[in-house]
Amino acid sequence: MRLLPTQEQRAMAQAVRDALTKECTPETLRESWDGTPQHKLQQTLAGLGLFGLTVSEEFGGLGLDERDAIGVFEETGRAAVPGPIAESFAACYALQAAGSALGQQWLPRIASGEAVASLGLGDAPLVESADRADLLILQHGDELHAVEGRDVQVEREQSVDGNRRLFTVSWEATAQTRLVSAAARILGGTRDRLLLATSAQLLGLARKLLDMAVAHVNIREQFGGPLGSFQAVQHRLADVAVGADFTAPVVARAACSLAADAPSAARDVAMAKVFASEAAEHAAYSALQLHGAIGYTREHDLHIYSLRAWTLALAHGDARTHRARVAADLLSDQIAPRYP
């Protein structure tokens, strides 16, 4: 099992970073926060192949696997890209795994950026960008349904991160919308890919927040010298760096397990979410402390990335929830998890 990215994977991630540095600036994110749709950014991401990373080439995708995708998702996290990025990735897996005519109809459109897909799992999910989605993959009991955006009613819910546009969705499950029924493997695989992409985004956010904190303490002076010259500050930043560096191989292991359809895949993905959530939260709190009061203001860029880190750390189950999943798996349910 190779956990380090290949030269090609590094090059792909770097190309995405270069594009997002130009197209997904803090100014762009503030506009999106205020409700301005980012059509140009959507086109840029589609042009890079982001929406079709693991979609088969016969449907217009790149035909890659999860190991190739995590570096790209890390960069979308670093840039705090708005929209259903992780959700679209998992939705494409569900469409492809189901092998239905719906996949043939929608996958080329999603891969090209012509159509937007989102995902809602669980009994009462909050669905990212449901108001702008052309297709939604929604769970109903043990079934997955593919529902067109025009056939649902949505209601906006509050989020501390204005670029996480969350909605409750009202819809009717019918035989015509059913994508897959009683297929725990596909349902689980869809959820695992959502968690994998979210974990990679959290890793990118942790590294972004670390970079911002390092840059700030090197120019902020206190007691006659840079704040970064103090050992206590250096130790705090070193802890953040260690957290991010320890998270990277855990996320890579989860990607390898999903790509290989390993029996431990669900557990490995849960562990990735544990590490990534804790690393991003630690990075956000540390960066905020080191910036001081200015970090709380909307005018400072820090709030954009720290709020995204906190919201994604809680999304789709927090670290405590997924640590309980890992424990239950390892102990084969002989000992009940401590956490609900």
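Every chain is numbered independently, its residues counted from 1 as its sequence is written. Only residues with pLDDT of 70 or above have their local features reported here, since the model is predicted, and side-chain atom pairs are shown and tallied only from 80 upward, although totals for entire chains, interfaces and linings are computed over all residues. Here the side-chain values reflect all heavy atoms present in the structure, with hydrogen atoms and water set aside.

Caption draft 1: Expanded view of the layout of surface pockets. Using a 1 Å grid laid over the protein atoms alone, points where a 1.4 Å probe fits but cannot get out form a cavity; open sets with protein on both sides within 12 Å along at least 5 of 7 lines form a pocket; any residue with an atom within 4 Å of a point counts as lining. Grid points are joined across faces, edges and corners, and a volume is the space filled by probe spheres set on the points. In this structure, the largest pocket spans a volume of roughly 670 Å³. To qualify as a helix, a DSSP run of H or I must reach at least 4 residues; to qualify as a strand, a run of E must reach at least 2; elements of each kind are numbered from the N terminus. Elements represented by at least two residues in the lining of the largest pocket include exactly α1 (7–23), α4 (66–78), α7 (184–219) and α8 (231–259). Examining the composition of the lining of the largest pocket, we find that 8 residues originate from one element, α4, more than from any other. Under the scheme applied, nonpolar residues are Ala, Val, Leu, Ile, Met, Phe, Trp, Tyr, Cys and Pro; charged residues are Asp, Glu, Lys and Arg; polar residues are all the others, including Gly. Classifying every residue of the lining of the largest pocket by side-chain character gives 15 nonpolar, 4 polar and 10 charged. Lining the second largest pocket are 23 residues, with Leu121, Leu194, Ala315, His316 and Gly317 sitting closest to its centre. Of all elements in the fold, only β1 (117–120), α7, α10 (302–314) and α11 (319–330) reach the threshold of two or more residues within the lining of the second largest pocket. Taken together, the residues that form the lining of the second largest pocket break down as 10 nonpolar, 9 polar and 4 charged.

Caption draft 2: Geometry of the side chain of Ser118. Structurally, the position occupied by Ser118 is in strand β1. Beyond its immediate sequence surroundings of up to four residues, Ser118 is in contact with Pro84, Glu87, Ala91, Val127, Glu128, Ala133, Leu135, Leu136 and Ile137. Two residues qualify as a contact provided that any one of their heavy atoms is within 4.5 Å of a heavy atom in the partner residue.

Caption draft 3: Examining the pattern of salt bridges more closely. When a carboxyl oxygen of Asp or Glu is within 4 Å of a side-chain nitrogen of Lys or Arg, the pair counts as a salt bridge. Within the structure shown, the criterion is met by 20 salt bridges. Here Arg207 and Glu74 are joined by a salt bridge, their closest N and O atoms 2.7 Å apart. With Arg207 in helix α7 and Glu74 in helix α4, the pair connects residues that are 133 residues apart, well separated along the chain. Overall, Glu74 belongs to the buried group, its relative accessible area being 13%. Across the salt bridge formed by Arg78 and Asp211, the nearest N and O atoms sit 3.0 Å from each other. Of the two residues, Arg78 sits in helix α4 while Asp211 sits in helix α7, which places them 133 residues apart along the sequence. Relative accessible area decides the class of each residue, using a 1.4 Å probe on protein chains only: under 20% of the type maximum gives buried, over 50% gives exposed, and in between gives partly exposed.

Caption draft 4: View of empty space enclosed by the protein. Applying the stated rule across the entire model yields 3 cavities of 30 Å³ or more. Estimates place the volume of the largest cavity at around 100 Å³. Around the largest cavity sit 13 residues that line it, and Gly83, Glu87, Arg164, Gln201 and Leu312 are the ones nearest its centre. For the lining of the largest cavity, the elements supplying multiple residues, two or more each, are α5 (85–98), α7 and α10. Along the lines of polarity and charge, the residues of the lining of the largest cavity split into 4 nonpolar, 5 polar and 4 charged. Quantified by volume, the second largest cavity comes out at close to 60 Å³. Every residue along the wall of the second largest cavity is listed here: Leu50, Phe51, Gly52, Leu53, Thr54, Val55, Phe73, Ile85, Ser88, Phe89 and Cys92. In terms of residue count, α5 provides more of the lining of the second largest cavity than any other element does, 4 residues in total.

Caption draft 5: Spotlight on the nonpolar core. Among the buried residues, those of types Ala, Val, Leu, Ile, Met, Phe, Trp, Tyr and Cys that are joined through side-chain atoms within 4.5 Å form a nonpolar core. In this structure, Ile137 and Leu144 are the most contacted members of the largest nonpolar core, which totals 88 residues. The biggest single contributor to this core is α7, with 16 residues. Excluding anything up to four places from it in sequence, Leu144 contacts Ala94, Leu121, Ile137, Leu138, Gln139, Thr177, Arg178, Leu179, Val180, Ile186, Leu187 and Thr190. Formed by 9 residues, the second largest nonpolar core is a distinct cluster that contains Leu136, Val147, Phe167 and Val169.

Nothing here speaks to function; it is geometry throughout.
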